[in-house]
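Analysis of the macromolecular model
These are the residues of each chain, in order.
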Amino acid sequence: LLGIGALAEATGDYFVKYMEAFLPFLVNTLRNVDEENLCLLAISIVGDLCHGLGSKLNNYSDKIVEVLLTILQLPNKNIKPPVISVLGDIA
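Presented here is an overview of the structure given in this document.

Conventions we followed
- Residues numbered from 1 in each chain as written.
- Predicted model: local features only at pLDDT ≥ 70, side-chain atom pairs only at ≥ 80, totals over all residues.
- Heavy atoms only, no water.
- Phe/Tyr/Trp six-rings, centres within 6.5 Å; stacked < 30°, edge-to-face > 60°.
- Buried < 20%, exposed > 50% of the residue type's maximum accessible area, 1.4 Å probe, protein only.
- Core = buried A, V, L, I, M, F, W, Y, C linked by side-chain atoms within 4.5 Å.
- Helix = DSSP H or I, 4+ residues; strand = E, 2+ residues; numbered from the N terminus.
- Contact = heavy atoms within 4.5 Å.

What follows concerns the packing of aromatic side chains. For the structure on display, the rule yields two aromatic pairs. An angle of 50 degrees between the planes, with centres 5.7 Å apart, marks the rings of F15 and Y18 as tilted. With 6.3 Å between their ring centres and 75 degrees between their planes, F15 and F22 make a pair best called edge-to-face. Among the residues examined, F15 registers a relative accessible area of 2% and is labelled buried. By relative accessible area, F22 is classed as buried at 8%. A connected cluster of aromatic rings, assembled from ring pairs, spans F15, Y18 and F22.

What follows is the structure, encoded as C-alpha cells:
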C-alpha cells in the first residue's frame, strides 16, 4: 500500500488508468477498521491519491466517501480525525 501511495503521487494523473483495478482493494482495506493501522494507512493513501490524481479522482470519490462516512459512524475514535482530514483533501 505504501508503494501505491508513493506511485500515485509520483505519476500524478497517469495513475488514473490503474484506479479501476486498485479501487476494490482500497475500499476493502478502508472497511477493515478492526486492523486499525492498516485502515489508517489506507486513509493516508486516499490523501496521496487526492494529491496525485487531483480532479480525476472524482470518478472514484463517491465510493471512497461512502466508506469514509461509514467509518465516521463507528465508535473507534483513533480513526476519525484522519478520516475528517482526508475528506477535506477530497473536497
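Further remarks concern the nonpolar core. Most often, soluble globular proteins have nonpolar side chains that are buried together. The biggest cluster of nonpolar side chains holds 27 residues, and the ones touching the most others in it are M19, L26, L30, L49, I64, L68 and I71. Where this core is concerned, the elements lending two or more residues are α2 (19-31), α3 (36-53), α4 (58-72) and α5 (80-90). For this core, the element with the highest residue contribution is α3, accounting for eight residues. For L49, the contacting residues outside a window of four places in its chain are A8, F15, M19, F22, L26, G54 and L57.

Positionally, D48 belongs in helix α3. Contacts of D48, omitting those with residues within four sequence positions, involve G5, A6 and E9.

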